[in-house]
Each structure stands twice: as structure tokens, then as C-alpha cells.
Amino acid sequence: MILAEHLHANSEYSMVIEALQTSRLANGEAENSNCPESFLSPRQDCKRRHGSNGTIATPYDENCTNEHMVGVSSRDATEDIDTNIQPDVVFKKARVQRELTLQDMYNQDSFDDDDEDDSDWEPMQKHFEIMKWFCTNCTMVNLDDVVHCDICGEHKESGILRHGFFASPSSQDGPTDVELEFKGKYKGDLLLSVVDMQSGVSFSNRCTAIGFDERMLLHSEVEMKPRPHPERPDRLRAIAASLATAGIFPGRCHPISAREITREELKMVFSSENLMPRSIAMGVNLTLTVECLSYFTPDTYANEHSARAARLAAGLCADLASTILSGRAKNGFALVRPPGHHAGVSQAMGFCLHNNAAVAALAALAAGAKKVLIVDWDVHHGNGTQEIFERNKSVLYISLHRHEGGRFYPGTGAANEVGIDGAEGYCVNVPWNRGGVGDNDYVFAFQNVVLPIASEFDPDFTIISAGFDAARGDPLGCCDVTPAGYAQMTHMLNALSGGKLLVILEGGYNLRSISSSATSVIKVLLGENPGCELGDSAPSKSGLVTVLEVLKIQMNFWPSLASRFTELQSLWEIYAAENKSEESISELFLIV
């Protein structure tokens, strides 16, 4: 997407910035604490979005961009300055005695005719056009004179929506050698799949089922913000393009028919207020104006197609669960949106409308499962899923997420949130205390928390709330999990429940990261090895501390964890006593 903006080339701009900085310092504020996001570095911007100043930020702030200062427009500057400056702060034009407000300075094309002569000033009426484009891969804004995104490096004319992550990030759209290789490799499977779909032949219990419907792409924002919303239809397009390029879907996986979830089914999960949130319900009333179909929370939007998209997503997840549990498919992947794990009993939030994982879990229980495991590796805590099941001992909910003392959205998911009303221990939270968490910490947590508890729980059916926003390169998650890491975690969970596993898409906002990660996960569902072995990886210092914190709490409910806690605690004491560097943690684990 390309846009053009006009900027007044005059000295007022520098005066405004200088006065704004002076005002902030005069008010005792840190110089960068209230800096407009468009002036921040990518790392600073990421921290600002997630409340590094002690506040809980929404997962998406439309004013947060990764533009550098050179790319700021007069409109952007006006919005940022108006929201940060005190009302009583005014700016004086050189050699002009009367005071002007910021609104005056940016709305006036010129000063009044009776102003003093200012022939010694720079020309004030010079206009030049700043062209910008939004990166298809990460949505960040770039100046038109650059070909590759300043943030993720993706080419301006990227082919990722046509070829998926197989498209070169550094060149224009076009077929790749890798794409042709994959299509040739799975050409026979692709033709067989088409014949099966046309003949109506039912798929066998050895297959992987995929839930997808193009109508979910119609859920999109109506009110365009300064940057495209990260939860956008292109997320599904990029994954679908990657699967098609690899010959996986269509090809090696089989589709299930889409249907909309019924009101009766939703009543099993949500209160009457959230069966169709009021703002979503507006979408089915054609007499309402388009202005009504916009953001109904600061970060969540709806249009006239959103209600149906949410019902389709929930319906696909419910049917995939019953299909897998009945043995008609061995496992499945729900390629759905809008996501769901923030949607609770009575409210939709955090990009989420209906809680798809909760719908699937209850569908599995209705189909005969006695115990259901939900593992949520989205970088944000699934507060909605926890709320729905925190009193239910038939569903074990385990979440691994950034938390940082409650400063990371949505602020819930501390280690001591364990369930209530007799279901203590059936909510397990692994709250990372920093960003940048990668494969080693996740696999370590799986080995020492997730799998031991899950094995003791012994589920009949396993669901993964698969957000890929902890993936390397994600603009919201700022973590470092690789496709190999996601494949390894899927492989570990696939050993539970007799392989009855359903993966449901949640978050993930870098198209290259989300499509490569989803493809790696689906390959494991198809029976491929996860690739590189991560079993001997050692955790970071902060990762070890988090796991110890969780074990200390959860061993009160899962006795098998006690010996593991004692062993890891001894290792930590050795590490702390010798005051070793973080790199030396790996040496301790090699000794063990």
C-alpha cells in the first residue's frame, strides 16, 4: 500500500519539536517516555506498545509505528504533539509577538497579512510530496525511495501472498526454484486430492484435516488507521500460499466442509452477552451506517462480515475436534480467523471474537472425551480461555507467554493463577519475564513443566492454541522462536492423547514468520520429523528462574514435579553461588 502526504518545508517544524522537548523536560518527564512512537527505534517502539513504563498496553495501538523521524508527516506530527503537549504550552513565531497554538501553526497556510516582514525566513509555501508504502510482510511504513522494508527487509513488491514464505524476501514477485521443486515433488498427491474432493471420497483416519473457508477473509477493518491492523486477512493468505506452494494443501491434507456455529453451541461457552457482542451484531443490521462498523474496543474491529467469519471459525474448530475424536482423521489444523483466546465468557477483546479453542474443547467433551488438554503458546496470555475453564477439572489449560510482572498485554497469566473453586492446578501459567525468549527456553519449559503435568493429566484430546507471535521477527511479540522450535513442540505434544491433536491458529503478525511456522507444524502433523533436535538445549538464566517459579507452585497440585524442582533448584544454587555467566548454564546441564 502506498500513500502520499504533503509537508510544509519551513522552520516551524524544528521549533515545534524543540519546544515539545523543552516542555517534556520542564514537566519532569524522561525525554523518551512520551516520545511519539513514530520517533522511536523499533526496539523502543516494541517496548512502548507493551507497557514498559509500567502500564498495560493494548496489543495494537494504531498510533504506534516504526517510522523514523525523517518519515514523519505533518498529519502524524500534529496527532502526536496534540496528544502529548500540555494545553497551556504555546509557541512564539520569531519576531511575532502574538502566541499561536499547535493547531494554529499546523492549520494555517501562512501568517496574517499584517504580520511583520519575514523576507529573511525560509520559503514557507514550498510543498513536497512524501510517498510511503506499507510493508506487506510486517505492515510497517517505509519511505518510497527504499525498496526493502527498514524493519523486516521484505521487498516492496514481495510475492509472499502468491508464493508464501518460499518467495524471496529480497526480490520482486516471481516463481522460485524452491516453489517449482515442491510442486513437482507433490504433484501426484495434489492430483489425488483433487480427485478425492471431486468424487466425494471420505478421507481416512490416517489423514490430516484442514479447516479453512475464504469467507473468513472478509473480516477486515473498515476504518483505516495510520498503519494497517496486524490482524488482517493477509495472514491466512500467506499461510495458504505457503501450503499450496509446498503441495501440502491442497495436496497431502484434506479439507472439511465449513459451517457456522449455532447459537445453541455457543451457549455452552459464552454468556448471552457474548453470543454475538453488540458491536459485532451491528454487522448483520443493514440499516446501520458504515461508521457503526468499526472498532468496538481500542484494538478490535468488526465489519458486516465479522459475525459470520467468527461463526465459521468456531464451527470449523468444533467439527475438526469431533472429526478427530471420532477417528475420521488422525489430527487437524484450523486455519481460521478471527482468533479467539482472548474472548471470555462475556466479552470480546484483543482481536478475538469467539473463543475457538474453548468451542473445540467442549465439542470434544460432547463427542466423548473425558479430559481435554489446551496448550497455548501464543505470546499473549489466553485470558479468555483461562476464564472459561478455571473452574473445570475436565480441561487442563497450560499457557506459555510474556508477562513481565503483568506489564505485557493482557496483564493476566501470573504463575500463581492456578484455577479456582476446586479446580486448582488445572490452570498452569509459564510467564516469561522478558522479551526475546527463544527455542531453548520453550523446549526446556515443555520438558520440565508442560509434558510432566500433561502426562499425569493423561488427556483424551489435545488442542494447541497456536499463536505464532512469539516467532522470530514478529512486530508485536518481539521473541525468537523459530519454525524448528514450533515443530519440536508440536512433535512433543503429538505423543499425548494417542496423537489426537488439533492445532488452532491464534495470533502471529509477520507473514513470513507465521507462514513458515505454520507449515513446519503441519508437516509434523503429516508425520514428518521436526528436523533439528533441540532436546539438549539449555535455558537462559531468566528461563530457568521462570520454570523454577512455576514448579514451586504447581508441585502442590502435581506431586510428580517435586523431584524435578529439587534437581533444578540444586543446579540453580550452584550457578548462583559461583556467580557464573549466563552462558555457563549450559555447562551445568551437560553435567547432568
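So, here's what we can say about the structure. (Residues numbered from 1 in each chain as written. Predicted model: local features only at pLDDT ≥ 70, side-chain atom pairs only at ≥ 80, totals over all residues. Heavy atoms only, no water.)

1. Quick notes on the overall build of the chain
Then step 1. Helix and strand counts for the chain stand at 20 helices and 13 strands.
Then step 2. Looking at the 592 residues of the chain, the share that counts as buried comes to 56%.
Then step 3. Long-range contacts, defined as pairs at least 24 residues apart, comprise 74% of the intrachain contacts of the chain with a sequence gap of at least 6.
Then step 4. When the accessible surface of the chain is summed, it comes to about 24,400 Å², and 50% of that surface belongs to carbon and sulfur atoms. (Helix = DSSP H or I, 4+ residues; strand = E, 2+ residues; numbered from the N terminus. Buried < 20%, exposed > 50% of the residue type's maximum accessible area, 1.4 Å probe, protein only. Contact = heavy atoms within 4.5 Å. Areas by Shrake-Rupley, 256 points an atom, 1.4 Å probe, with all protein chains shown as cover.)

2. Brief notes about the sheet that holds strand β13 (residues 501–505)
In any sheet, the strands associate via hydrogen bonds between backbone groups, in a parallel or an antiparallel arrangement.
Then step 1. Spatially, the eight strands line up as an open sheet ordered β7-β6-β8-β13-β12-β9-β10-β11, and their pairing is parallel. The sheet is open, and its two edges are formed by β7 (254–255) and β11 (427–432), each paired on a single side.
Then step 2. By the bridge criterion, four bridges tie strand β6 (residues 208–211) to strand β8 (residues 331–334) in an arrangement that is parallel. In the sheet register, threonine 208 faces β8, and the bridge partner there is asparagine 331. (Pairing = 2+ DSSP bridges.)

3. Let's talk about the packing of helix α15 (residues 439–457) against helix α16 (residues 483–493)
Then step 1. Remark: α15 packs on α16, axes separated minimally by 10 Å, with the N-to-C direction vectors making an angle of 10°. Here α16 runs roughly parallel to α15, going by the angle between their axes. Relative to α16, α15 is oriented so that their crossing is right-handed. On α16, the residues that touch Asp439, Tyr442, Val443, Phe446, Gln447, Val450 and Leu451 of α15 are Gly485, Gln488, Met489, Met492 and Leu493.
Then step 2. Taken together, the residues of the contact of α15 with α16 sort by class into eight nonpolar, three polar and one charged. (Axes fitted to C-alpha atoms, helices over the stretch in contact; angles between N-to-C directions. Parallel < 35°, antiparallel > 145°, perpendicular 65-115°, else oblique. Left-handed = near helix turned anticlockwise from the far one by under 90°. Nonpolar A, V, L, I, M, F, W, Y, C, P; charged D, E, K, R; others polar.)

4. Let's talk about the side chain of serine 497
Then step 1. Mapped onto the fold, serine 497 is located in the loop between α16 and β13.
Then step 2. For serine 497, a relative accessible area of 12% corresponds to the buried category.
Then step 3. Within the local environment of serine 497, its side chain forms a polar contact with the backbone nitrogen of phenylalanine 461, the two atoms lying 3.4 Å apart.
Then step 4. Among residues more than four places away in sequence, those in contact with serine 497 are Pro459, Asp460, Phe461 and Thr462. (Polar contact = N/O pair within 3.5 Å; in protein donor to acceptor, adjacent residues only side chain to side chain.)

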